[in-house]
Amino acid sequence: MVANSEKLKAETKGLSFYYGNVQALKDIRLPLTEKEVTALIGPSGCGKTTLLRCFNRMHDLYPHNKYEGEITIFPDNINIVDRGIDPLDIRMRIGMVFQKPNPFPKSIYENIAFGLRVRGVRKKTILDEQIEKSLTRAALWEETKDRLQESAFNLSGGQQQRLCIARALATGPEMLLFDEPTSALDPIATSKIEDLIVGLKEEVTMLIVTHNMQQAARISDWTGFMMLGELIEFDKTDKIFTNPAKKLTESYITGRFG
Amino acid sequence: MTRATKDKIIEWGITLIALTSVISFLGIAVVLFAQGLPAFNFVGLWDFLTGRGWHPTHVYEPEFGILPLIMGTLWVAAGALIITVPFGVGAAIYISEVARPAVKDVIKPIIELLNSVPSVVMGFIGLLILAPAVMNLFNLPVGLTIFTASVMLALLYMPYVVSIAEDALNAIPMSLREASYAVGANKMETITKVVLPAAFPGVSTAVILGGGQMIGETMIVLMVAGGAAMVPTSFFEPARPMTATIAAEMGETVVGGDHYHALFAIGIVLFVITLILFILVNLIEKKFRREKLW
Ligand SMILES: Nc1ncnc2c1ncn2[C@@H]1O[C@H](COP(=O)(O)OP(=O)(O)O)[C@@H](O)[C@H]1O
Ligand SMILES: [Mg+2]
């Protein structure tokens, strides 16, 4: 079921996660194929967000959270959730786009420059160049090139989310994490973002949580179905949506629950 | 009684309460101006504001220049702000962004406790402990100086500034901090480049409101500022702020006399300063809302 022929970018093994005493993830094994989109689906509260946020150690921001097991990132074989690994180093390599667009209360330009400045980029020419490049990749350049100094809050919700994608892209991540990136957007803005994600496959490995099964079917190569903190089934997206191996998966995708 | 009638009664009640505060405000303003404006029959507004001599009870040549009093107020408040801003805002940042919950649970009550110390007690501590220390430490003839008053004022209003600044920081949504961490920023960068700028309107409001309170404070400056009506040239000189002047002299004036009206005119000046600060706070808020920077 796991593609051996394709190169892996990361893989979780025996990954469990606890909010205090509450176990939210149980023994997850999930491979992420390089430069492809892996989608996580499942009913609300099944642990999709929790799993996604393990990849960039977001849980470290809050007390009493605990990881067990491994998330190995390739090619260097580092265990992301190892206590000895600095989460800052991980976040330098893995970007994230959140459920609700969360631009900084700064200009469009500064929103993207921020991540570069954090990495020590000071030269205006390099900043300008990178900002144009990432806005272009996020399909936002045409709409914003004449208003880079305006507040990011002047943008529409869909544009704000594309700005957040540009912000994540600007720092050249190896992997991008998306947590239901279109759940707050209208259908037109949603389809723009979906096109964008498909286009990004050329350069970056992506893991996307989605509540919307059609979305998973449209944009992902691999799909994992989760329930109650467990990864019930993982396979090629086509397989999951046409001929799932597990009864539970079938009931979920045919809309019998969730 | 129907629910609609109940609603109406509640609505009227609230309107009445709101009206009471508006009426009190107008009432205070009317009394202040009615008693203060007559001062300008015997001293011109410009001479009043810029005159350097305050000798209101001089038998032959009374002088009504309040520049020393205005400057006294400003020096004391400025000194207090210089102390309060870094410590108060720093403490708010520490409590809201850095401290572990257990530490927070210890620090917050202590700051609230400080808040419940009456200003007269602060003044007393300043008089008994700080003033002699200042005198010895800086080798001064007297310990009752602007510096002494500023330190005690800073202590008195520290909790106030800390708590509004902390509210401003807490109002910044967690999602903004997460956005910063997610692009690889560390805690310091997140605080200084994302959280603080986002909280700037709230924090500066806290500072301005704190400054307004300091300008209006009376008891401490009456007790430890030294009381000399001279335009100060350093923090280690005594001063006679406006509020202290009114409090010290009002009891000895003849109602309706020149001195009496002049003290009310000082009240008008304080009132106008407070009003300007209030408008400033609102302008800051408007500016940031309009530019949608928060
Ligand atoms: N901060 C938290 N503290 C405790 N429990 C949490 C926290 N966040 C999420 N959970 C719990 O963990 C489970 C998984 O949540 P989540 O990962 O958000 O699910 P999903 O994204 O699939 O809807 C849920 O039962 C949820 O209540
Ligand atoms: Mg979720």
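Residues numbered from 1 in each chain as written. Chains lettered and ligands numbered in written order. Predicted model: local features only at pLDDT ≥ 70, side-chain atom pairs only at ≥ 80, totals over all residues. Heavy atoms only, no water.

Chemist: So what exactly am I meant to see when it comes to the pattern of salt bridges here?
Modeler: Side chains that differ in charge, positive against negative, can pair when their charged atoms come close. All names here are of chain A. Under the definition given, this model contains 21 salt bridges over all chains. Of the charged contacts, one joins Arg 147 and Glu 150 as a salt bridge, the two residues approaching to 3.3 Å between their closest N and O atoms. The exposure class assigned to Glu 150 is partly exposed, which follows from its relative accessible area of 32%. A salt bridge links Asp 221 to Lys 201, with the shortest nitrogen-to-oxygen separation between them at 3.1 Å. In this pair, Asp 221 is assigned in the loop between α8 (213-219) and β9 (222-227) and Lys 201 in the loop between α7 (187-200) and β8 (205-209), connecting sequence segments 20 residues apart. Overlapping salt bridges bring together Lys 9, Asp 76, Arg 93 and Glu 174 as one network. (Salt bridge = Lys/Arg side-chain N within 4 Å of Asp/Glu carboxyl O. Buried < 20%, exposed > 50% of the residue type's maximum accessible area, 1.4 Å probe, protein only. Helix = DSSP H or I, 4+ residues; strand = E, 2+ residues; numbered from the N terminus.)

Chemist: In this structure, what is going on with the site of ligand 1? I would like to understand it.
Modeler: Residue and element names in this part refer to chain A. Near ligand 1 the following residues occur: Tyr 19, Ala 24, Ser 44, Gly 45, Cys 46, Gly 47, Lys 48, Thr 49 and Thr 50. Within the backbone of Cys 46, one N or O atom sits 3.3 Å away from an oxygen atom of ligand 1. Thr 49 has a polar side-chain atom sitting 2.7 Å from an oxygen atom of ligand 1. When the free accessible area of ligand 1 is taken as 560 Å², the share hidden by the protein chains comes to 55%. Among the elements that take part in the shell around ligand 1, helix α1 (residues 48-54) stands out by supplying three residues, more than any other. Of the residues contributing to the shell around ligand 1, the split by class is three nonpolar, five polar and one charged. (Near = heavy atom within 4 Å. Polar contact = N/O pair within 3.5 Å; in protein donor to acceptor, adjacent residues only side chain to side chain. Areas by Shrake-Rupley, 256 points an atom, 1.4 Å probe, with all protein chains shown as cover. Nonpolar A, V, L, I, M, F, W, Y, C, P; charged D, E, K, R; others polar.)

Chemist: Would you mind going over the packing of aromatic side chains with me for this structure?
Modeler: Each aromatic ring pair is specified by the distance between its two centres and by the angle formed by the two planes. Summed over the entire model, instances satisfying the criterion amount to 15 aromatic pairs over all chains. Between Phe 17 of chain A and Tyr 67 of chain A the ring centres are 5.3 Å apart and the planes differ by 65 degrees, which places this aromatic pair in the edge-to-face class. Of this pair, Phe 17 of chain A sits in strand β1 (residues 8-19) while Tyr 67 of chain A sits in strand β4 (residues 65-73), placing them 50 residues apart in sequence. Phe 17 of chain A gets classed as buried once you look at its relative accessible area, which sits at 0%. An angle of 80 degrees between the planes, with centres 6.1 Å apart, marks the rings of Trp 54 of chain B and Phe 64 of chain B as edge-to-face. Here Trp 54 of chain B, found in strand β1 (residues 54-55), pairs with Phe 64 of chain B, found in strand β2 (residues 63-64); they are 10 residues apart in sequence, far enough to count as distant. (Phe/Tyr/Trp six-rings, centres within 6.5 Å; stacked < 30°, edge-to-face > 60°.)

Chemist: Explanation requested: empty space enclosed by the protein in the structure shown.
Modeler: Unoccupied space between atoms shows up once a probe the size of one water molecule is rolled over them. Residue and element names in this part refer to chain B. Tallied over the full model, the rule gives one cavity of 30 Å³ or more. Roughly 40 Å³ of volume is contained in the largest cavity. Forming the boundary of the largest cavity are Thr 73, Val 76, Ala 77, Leu 153, Met 214, Ile 215, Glu 217, Val 221, Pro 241 and Thr 243. Elements represented by at least two residues in the lining of the largest cavity include exactly α3 (67-98) and α8 (187-216). Here the element with the most residues in the lining of the largest cavity is α3; it accounts for three residues. (1 Å grid on protein atoms, 1.4 Å probe; cavity = no way out; pocket = protein on both sides within 12 Å on 5 of 7 lines; lining within 4 Å. Points joined across faces, edges and corners; volume = space filled by probe spheres on them.)

Functional significance is not addressed by these values, which are geometric in nature.
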